[in-house]
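# Inside the fold
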Amino acid sequence: MKQFKNEHESEAHQIFREQAGHKARGGLVPQTTNPDEETVPGIEHPGSTGVIYCSDRAMANGFSYASSHEWSNLGQGAPEVGNIPGAPPRLTSIPLPTDSLEYAPTTGAVAHLYNTTYRQGKRSQYTYENVCIVPGGRASLSRIAAVVGDVYCSYQIPDYTAYNQMLGAFKRLVPVPTSKYRLDLDQLRKDIRIQGLEVVLMSNPRNPTGQVVRGEELKELVQLSRESGTNLILDEFYLWYIYPENEAEFGQSVSSAEYIDDVNDDSVVIVDGLTKNWCLSGFRVCWVLGPKNLITALSQSGSFLDGGANHLLQLAAIPLLEPEHVHAEKVALQKHFKHKRDHVLKRLACPGLKVSVPPQATFYIWLNLEHLPAPLNNGVTFFEELLKEKCIDVPGIFFDINPLHRCNLFSSPCHHFIRLSFGPPIEVLDMGVDAIARVLKRAKKEGMHAFGHSYKKSLGGSGDHV
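These lines cover the structure that appears in this document, whether it is placed above or below. (Residues numbered from 1 in each chain as written. Predicted model: local features only at pLDDT ≥ 70, side-chain atom pairs only at ≥ 80, totals over all residues. Heavy atoms only, no water.)

### With respect to the packing of aromatic side chains
Enumeration over the complete set of coordinates arrives at 21 aromatic pairs. Measuring from ring centre to ring centre gives 5.5 Å for Tyr238 and Tyr364, while their planes differ by 70°; the resulting arrangement is edge-to-face. One end of the pair, Tyr238, is in the loop between β6 (231-235) and β7 (268-273); the other, Tyr364, is in strand β9 (residues 364-368), and 126 residues separate them in sequence. When the ring of Phe337 is compared with that of Phe363, the centres are 5.9 Å apart and the planes differ by 45°; the resulting orientation is tilted. Highlighted residues: Phe337 in helix α10 (residues 323-349) and Phe363 in the loop between α10 and β9, separated in sequence by 26 residues. Phe337 gets classed as buried once you look at its relative accessible area, which sits at 0%. A relative accessible area of 0% means that Phe363 is categorised as buried. Among the aromatic residues, those joined into a cluster by ring pairs are Tyr238, Tyr241, Phe337, Phe363 and Tyr364. Cation over ring: Lys335 sits above Phe250, and NZ or CZ is 5.7 Å from the ring centre. (Phe/Tyr/Trp six-rings, centres within 6.5 Å; stacked < 30°, edge-to-face > 60°. Helix = DSSP H or I, 4+ residues; strand = E, 2+ residues; numbered from the N terminus. Buried < 20%, exposed > 50% of the residue type's maximum accessible area, 1.4 Å probe, protein only. Lys NZ or Arg CZ within 6 Å of the ring centre and 35° of its normal.)

Shown next as structure tokens:
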């Protein structure tokens, strides 16, 4: 089997580049428009997030929501939404008071939960003035990007795929990548001093690697932000998904809020919401915590960006934020997802897919395919082969935050990886691991000549193949 060395030799990579917004953009500055993609003058495609691209490709291979039960979606960026053993009952109905028909307020009262969980005994406490309620995590990132000035912004590789669009759309954020799976505080300290970084953006716990900065390391990170005057934007959407070995530690969670000295002076911005931790991705109710002056700016930017979160669902969320309810949810969720994580890791090891750095947090597995024979040893091709088996993952290149799409995909440090989600129910996880095993079994039995080609560009007959 030919060893591909460049994306132009690979059919799977050509399909990726043909997606609107995925063409490499040459030159020192990005083009205002791409003539090949332009339908309305002046429009520039930001490129799709991993989940959108994967869903589009799955539909080209026959996936539909009517037939979703026949597929295993291990690319899913959301947790299962059904009942979890030991957790409080799920919401099944919501009252509709008259005032819920009005516009919702642009600030909110999430503060009590954070003060109770992370700031007991501290002089400085969050109030409603430190909270901005937003319609989803991406809306929070867009609002933050809209109010940040012309600065150098550091981010990690790999990290959450939506940062790609955020950094690409808001041109004032100059991206400065650091290629580390684990946070290197000494290097970050040097980058702040030498490169003049003013914003550091990262997810913690980390999507897609499942690693987490906690304890003294997290305390040092917050302290570094305070001492250097660098704005620290922490995406903490997975802060409940921590998997302790000690039974007594279930119910704990990790947040930078614990290490902030003054909630109005420390330049630490926390993004979170109901989406992941409460398993309520459809609510689209999230929040930003930060200094009062930032929250005022975010509320103003929201008036022209998104208009705010749904009023009725904000009211429904209030009892879910009570600390006693939250603790019960956390304990049940952590036990359930730890069981699913261990189950999938054990099953992956059987066909020889050992995860070198198992996830400590989140519900993702960052799987290295480099040891597999070509062309299955890259995430883009492996993704296309899994689609033939009715299974969806996310190619690792989506987590190489590269707003200008400049680099050859084969040169990406994330090229040999895929992200697998253990967010879905366990029976769906088993279907997915079975599909992976079938691909590897076929490769071993038939050789590699059957792989790397004959992919569908759209739903239809053989004429739709590349």
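### Some thoughts on the nonpolar core
If you look at the biggest cluster of nonpolar residues, it comprises 133 residues, and the most contacted ones within it are Tyr114, Trp278, Trp287 and Phe382. With residues up to four places along the chain from it excluded, the contact list for Tyr114 reads Arg119, Tyr126, Leu239, Ser255, Ala257, Ile270, Asp272, Trp287 and Leu289. (Core = buried A, V, L, I, M, F, W, Y, C linked by side-chain atoms within 4.5 Å. Contact = heavy atoms within 4.5 Å.)

### A look at the packing of helix α6 (residues 185-195) against helix α7 (residues 215-228)
Relative orientation of the contacting elements α6 and α7 amounts to 10°, with a least axis distance of 11 Å. Comparing their axes, α7 and α6 come out roughly parallel. Taking contact as the criterion, the partners of Leu185, Leu188, Arg189 and Ile192 in α6 are, on α7, Glu217, Glu220, Leu221, Leu224 and Ser228. For the contact of α6 with α7, the residue count by class is five nonpolar, one polar and three charged. (Axes fitted to C-alpha atoms, helices over the stretch in contact; angles between N-to-C directions. Parallel < 35°, antiparallel > 145°, perpendicular 65-115°, else oblique. Nonpolar A, V, L, I, M, F, W, Y, C, P; charged D, E, K, R; others polar.)

### Here we look at the sheet that holds strand β12 (residues 417-421)
Reading across the sheet, the three strands line up as β9-β12-β11 and stay open at both edges, with antiparallel pairing between neighbours. Strand pairing shows two members of the sheet lacking a second neighbour, β9 and β11 (394-395), which therefore form its edges. (Pairing = 2+ DSSP bridges.)

### Thoughts on the side chain of Arg119
As for its placement among the helices and strands, Arg119 is situated in the loop between α3 (111-118) and β2 (131-134). Asp261 provides the closest opposite charge to the buried, unpaired Arg119, separated from it by 6.5 Å. At 2.9 Å, the side chain of Arg119 and the backbone oxygen of Ile260 are in polar contact. Aside from chain neighbours lying at most four places away, what touches Arg119 is Tyr114, Ser124, Gln125, Tyr126, Ala257, Glu258, Ile260, Asp261 and Val263. (Lys, Arg positive; Asp, Glu negative; His and termini not counted. Salt bridge = Lys/Arg side-chain N within 4 Å of Asp/Glu carboxyl O. Polar contact = N/O pair within 3.5 Å; in protein donor to acceptor, adjacent residues only side chain to side chain.)

### Let's talk about helix α11 (residues 379-387)
The buried fraction of α11 is high, at nine of nine residues. Residues of α11 that are buried: Gly379, Val380, Thr381, Phe382, Phe383, Glu384, Glu385, Leu386 and Leu387. For α11, the secondary structure elements touched by its buried residues are α1 (11-18), α2 (50-60), β10 (391-392), β11, β12 and α12 (426-446). Its side-chain oxygen placed 3.1 Å from the backbone nitrogen of Val380, Asn378 serves as the N-cap of α11.

### Examining the pairing of β7
Of all six residues making up β7, six are buried, and the element is well covered by its neighbours. Where burial is concerned, the two faces of β7 agree: the one with Val268, Ile270 and Asp272 and the one with Val269, Val271 and Gly273 are both buried. Of the pairings in the sheet, the one linking β6 to β7 comprises four bridges and is parallel in character. Pairing of Leu234 across the sheet is with Ile270, part of β7. Of the strand pairs in this sheet, β7 and strand β8 (residues 286-289) are connected by four bridges, and their pairing is antiparallel. Considered in β8, the bridge of Ile270 is made with Leu289.

### A closer look at α1
With six of eight residues buried, α1 lies mostly within the body of the structure. When α1 is considered as a whole, its buried residues turn out to be Glu11, Ala12, His13, Ile15, Phe16 and Arg17. On the buried face of α1, the contacting elements are α2 and α11.

### Quick look at the pattern of salt bridges
Under the counting rule described, the total for this entry stands at 20 salt bridges. Between Asp306 and Arg143 there is a salt bridge; the shortest N-O distance is 2.6 Å. Separated by 163 residues along the polypeptide, Asp306 in the loop between α8 (292-305) and α9 (311-317) and Arg143 in helix α4 (residues 137-147) bring together distant segments of the chain. Two residues, Glu385 and Arg442, come together in a salt bridge whose shortest N-O distance is 3.6 Å. You can see Glu385 sitting in helix α11 and its partner Arg442 sitting in helix α12, a full 57 residues away along the chain. Several salt bridges share partner residues, and in doing so they unite Arg226, Asp261 and Asp266 into one network.

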